Amino acid sequence: MDQCVTVERELEKVLHKFSGYGQLCERGLEELIDYTGGLKHEILQSHGQDAELSGTLSLVLTQCCKRIKDTVQKLASDHKDIHSSVSRVGKAIDKHPGSWLPVGTLVAFLQCCLLCVSSCVGGLVASEPCQSLLNFDSDISSVGIDGCWQADSQRLLNEVMVEHFFRQGMLDVAEELCQESGLSVDPSQKEPFVELNRILEALKVRVLRPALEWAVSNREMLIAQNSSLEFKLHRLYFISLLMGGTTNQREALQYAKNFQPFALNHQKDIQVLMGSLVYLRQGIENSPYVHLLDANQWADICDIFTRDACALLGLSVESPLSVSFSAGCVALPALINIKAVIEQRQCTGVWNQKDELPIEVDLGKKCWYHSIFACPILRQQTTDNNPPMKLVCGHIISRDALNKMFNGSKLKCPYCPMEQSPGDAKQIFF
């Protein structure tokens, strides 16, 4: 138990330092912004006046740069001190590997580590200990393709970033990016994201009315994609009425009429909701229906709404920018390693920087978006020009393998002794 107290004591010190460091960062950055903003205003006002002011202006700008540099160095020094405090918590845990620690203590320690890492990655500077911890590679240009960032590629990247900001509700950032990059975005592209973010913000504070209105107005399209969003929204609203006890009994019975269109597909769920009315007097939280009050269903309804709304708009659930960034984080270490091996062994022609990589990078099932079939004979993935072909016996090979294997008018399946005509093979679609 003494070991747990020691770890918790070190942890409290770290959390206290993090709180003070965050306030110091905000205050220091706000002062710098005000200072540089006032300086910019004075420069604009004095523009076009006496030429003698040029020397004074140079001195002022030098002082401004020095102040910014001093502030950054101060933040870096404070951050380095915080990192050493986080390390002490880890050492305190390592001293007693066999001791039992509360889950909350371990979670808090991990949160401290993540805060430390995020402040390095997202902040102004990274302290030397954190750089060694994260193993940052200063030069990743070796795994890039020369000339990939042409004008068209840069424009596409800007469009993806703008869409990502729209998805996140950061409309002002997206509009600023459009102005600086010269992109022209149709207002009709922005309006759906504005509405969806407004509804999501309401759901996060447990306000269902905007989402219900949206679901009712898009009922036909939601039914066409077999969505249960509207029913689950009505269900949540009904549960919120149940939480009011007998006071809302009449209103709950009246609202139950909204379940009528969903009676066929959600009969059991509706029966459970109606059965809970019996326990209004003693309270749902004291009844067998207490599971209806599970708070996780509010997070679930946000995910369901996001998925179904994106499906109606023809969009993926996740932002293409975030997906690409996550895939890059997984693939980049492997590519850097293989590039170093190629250079060390002087293997030429292994990486010709075409559309394929020298190694296979497993991004996990999360990044599987379409079916992939590899021909078992040629060991190549099928394409539109080389589609998969189903033989009469049921085995599947690629069209190129089919053309190479048949002899005369007969083809023998490579996996079974059945002979067949190549013309009987049929193209299949996944």
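In every chain, residue numbers begin from 1 and rise along the written sequence. Where totals are concerned, whole chains, interfaces and linings use all residues; where local detail is concerned, this predicted model gives features only for residues with pLDDT of at least 70, and gives and counts side-chain atom pairs only at 80 or more. Each side-chain value is worked out from all heavy atoms of the structure, with water and hydrogens disregarded.

1. Section: a negative patch on the surface
Part 1: Taken together, the side chains of Glu26, Glu30, Glu31 and Asp34 define an acidic patch exposed on the protein surface.
Part 2: Helix numbers and strand numbers start at the N terminus; a helix is a DSSP run of H or I with at least 4 residues, a strand a run of E with at least 2. For glutamate 26, the position within the fold is in helix α1 (residues 2-46).
Part 3: Remark: exposure states derive from per-residue accessible area (1.4 Å probe, protein chains only) relative to the maximum for the residue type, with buried under 20%, exposed over 50%, and partly exposed in between. Its relative accessible area of 54% is what places glutamate 26 among the exposed residues. What goes into a patch is any residue over 30% in relative accessible area without a salt bridge, connected to like charges within 9 Å or, for nonpolar side chains (Val, Leu, Ile, Met, Phe, Trp, Tyr), within 5 Å. Computed with the Shrake-Rupley method and a 1.4 Å probe, the accessible areas treat only the protein chains shown as cover for residues. The term salt bridge refers to a side-chain nitrogen of Lys or Arg lying within 4 Å of a carboxyl oxygen of Asp or Glu. For the purpose of charge, His is not counted, nor are the chain termini; Lys and Arg are scored as positive and Asp and Glu as negative. Throughout, a charge is located at the NZ atom of Lys, the CZ atom of Arg, the CG atom of Asp or the CD atom of Glu.

2. Notes on the environment of cysteine 416
Part 1: You can see cysteine 416 is positioned in the loop between β3 (411-412) and β4 (419-420).
Part 2: For cysteine 416, a relative accessible area of 18% translates into the label buried.
Part 3: Distance in space between the C-alpha atoms of cysteine 416 and histidine 395 is 8.7 Å, their sequence separation being 21 residues.
Part 4: Not counting residues up to four positions away in its chain, the partners in contact with cysteine 416 are Cys393 and His395. Pairs of residues are marked as contacts when any of their non-hydrogen atoms sit within 4.5 Å.

3. Some thoughts on the packing of aromatic side chains
Part 1: Paired rings are identified among Phe, Tyr and Trp, the last through its six-membered ring, by centres lying within 6.5 Å, and are further divided according to the angle between planes into stacked (under 30 degrees), edge-to-face (over 60) and tilted (the rest). One pass over the structure, following the stated rule, counts seven aromatic pairs.
Part 2: With a centroid separation of 6.1 Å and 20° between ring planes, the pair formed by phenylalanine 166 and phenylalanine 193 is classed as stacked. Of the two residues, phenylalanine 166 is situated in helix α5 (residues 151-167) and phenylalanine 193 in helix α7 (residues 187-204); the sequence distance between them amounts to 27 residues.
Part 3: When the ring of tyrosine 237 is compared with that of tyrosine 255, the centres are 4.7 Å apart and the planes differ by 35°; the resulting orientation is tilted. Residue tyrosine 237 is found in helix α10 (residues 229-242), and its partner tyrosine 255 is found in helix α11 (residues 249-255); the two are separated by 18 residues along the sequence.
Part 4: Among the aromatic residues, ring-to-ring pairing joins Phe231, Phe238, Phe259 and Phe262 into one connected group.
Part 5: In this analysis the charged atom, NZ for Lys or CZ for Arg, is taken to sit over a ring once it is within 6 Å of the ring centre and within 35 degrees of the ring normal. Sitting over the ring of tyrosine 35, arginine 67 keeps its end group 4.3 Å from the ring centre.

4. Thoughts on the nonpolar core
Part 1: In this description, a nonpolar core means a group of buried Ala, Val, Leu, Ile, Met, Phe, Trp, Tyr and Cys residues linked to one another through side-chain atoms lying within 4.5 Å. Of all hydrophobic cores here, the largest spans 37 residues; its most connected members are Leu203, Trp214, Leu233, Phe238 and Phe305.
Part 2: Secondary-structure elements contributing two or more residues to this core are α7, α8 (209-217), α10, α11, α12 (267-275) and α13 (296-313).
Part 3: Ranked by the residues each element gives to this core, the list is headed by α10, at nine residues.
Part 4: The residues touching phenylalanine 305, leaving out its near neighbours within four places in the chain, are Leu196, Ile199, Leu200, Leu203, Trp214 and Leu229.

5. Considering the side chain of asparagine 158
Part 1: With respect to the secondary-structure elements, asparagine 158 resides in helix α5.
Part 2: The class of asparagine 158 is buried, set by a relative accessible area of 10%.
Part 3: Other than its neighbours up to four places away in sequence, asparagine 158 contacts Leu177, Ser181 and Leu183.

6. As for the layout of surface pockets
Part 1: If you add up the space inside the second largest pocket, you get close to 480 Å³.
Part 2: In terms of lining residues, the second largest pocket is bounded by Glu360, Val361, Asp362, Leu363, Gly364, Cys367, Trp368, Tyr369, His370, Ser371, Ile372 and Gln381.
Part 3: Here the residues of the lining of the second largest pocket are counted per class, giving six nonpolar, four polar and two charged. Grid points spaced at 1 Å and placed over the protein atoms alone form the basis of the search, with a cavity being a set where a 1.4 Å probe fits but cannot get out and a pocket an open set showing protein on both sides within 12 Å along at least five of seven lines. Lining residues have an atom within 4 Å of a point. Grid points are joined across faces, edges and corners, and a volume is the space filled by probe spheres set on the points. Residues are sorted three ways: Asp, Glu, Lys and Arg are charged, Ala, Val, Leu, Ile, Met, Phe, Trp, Tyr, Cys and Pro are nonpolar, and all the rest, Gly among them, are polar.

7. Comments concerning the packing of α7 against α13
Part 1: Helix axes are fitted only over the stretch in contact, all axes being lines through C-alpha atoms; the angle between N-to-C directions runs from 0 to 180 degrees. Running from N to C, α7 and α13 point in directions that differ by 170°, and their axes come no closer than 10 Å. The orientation of α7 with respect to α13, classified from their angle, is roughly antiparallel. Every residue of α13 that contacts α7 at Pro192, Leu196, Ile199, Leu200, Leu203 and Lys204 is listed here: Trp298, Ile301, Cys302, Phe305, Thr306, Ala309 and Leu313.
Part 2: Looking at the contact of α7 with α13, its residues break down into eleven nonpolar, one polar and one charged. Oblique is the label for every angle not falling under 35 degrees (roughly parallel), over 145 degrees (roughly antiparallel), or within 65 to 115 degrees (roughly perpendicular).

8. Brief notes about unusual backbone geometry
Part 1: Positive phi outside glycine occurs at arginine 206, with the angle close to 65°.
Part 2: For arginine 206, the position within the fold is in the loop between α7 and α8.
Part 3: Non-glycine residue asparagine 226 carries a positive phi angle of around 60°.
Part 4: Turning to its location among the elements, asparagine 226 is positioned in the loop between α9 (219-224) and α10.
Part 5: Owing to a relative accessible area of 70%, asparagine 226 belongs among the exposed residues under this scheme.

9. Quick look at the pattern of salt bridges
Part 1: Enumeration according to the criterion identifies six salt bridges in this entry.
Part 2: Notably, a salt bridge pairs arginine 307 with aspartate 308, separated by 3.7 Å at the nearest N-O pair.
Part 3: According to the relative accessible area criterion, aspartate 308 is buried, its value standing at 7%.

10. A word on the environment of valine 14
Part 1: Inspection of the secondary structure assignment puts valine 14 in helix α1.
Part 2: Given a relative accessible area of 1%, valine 14 falls into the buried group.
Part 3: Taking the C-alpha atoms as reference points, valine 14 and arginine 88, 74 residues apart in sequence, are found 9.3 Å from one another.

11. Things to note about the packing of α10 against α13
Part 1: Contact geometry for α10 and α13: axes closest at 10 Å, N-to-C directions at 155°. With respect to each other, α10 and α13 are oriented roughly antiparallel. The element α10 and its partner α13 pack so that their crossing is left-handed. In this structure, α10 uses Leu229, Lys232, Leu233, Arg235, Leu236 and Ile239 to contact α13, whose residues at the interface are Gln297, Trp298, Ile301, Ile304, Phe305 and Asp308.
Part 2: Of the residues assigned to the contact of α10 with α13, the class counts are eight nonpolar, one polar and three charged. A crossing counts as left-handed when the near helix is turned anticlockwise from the far one by less than a right angle, and as right-handed when that turn is clockwise.

12. Comments concerning the sheet that holds strand β2 (residues 396-398)
Part 1: Two strands make a pair as long as DSSP finds a minimum of two bridges between them. Spatial strand order, β2-β1-β5: three strands in an open sheet with antiparallel pairing. Sheet topology places β2 and β5 (426-427) at the edges, where each strand pairs with a single neighbour.
Part 2: Here strand β1 (residues 388-390) runs beside β5; their pairing, made up of two bridges, is antiparallel. Note that in β5 the partner of lysine 390 across the bridge is lysine 426.

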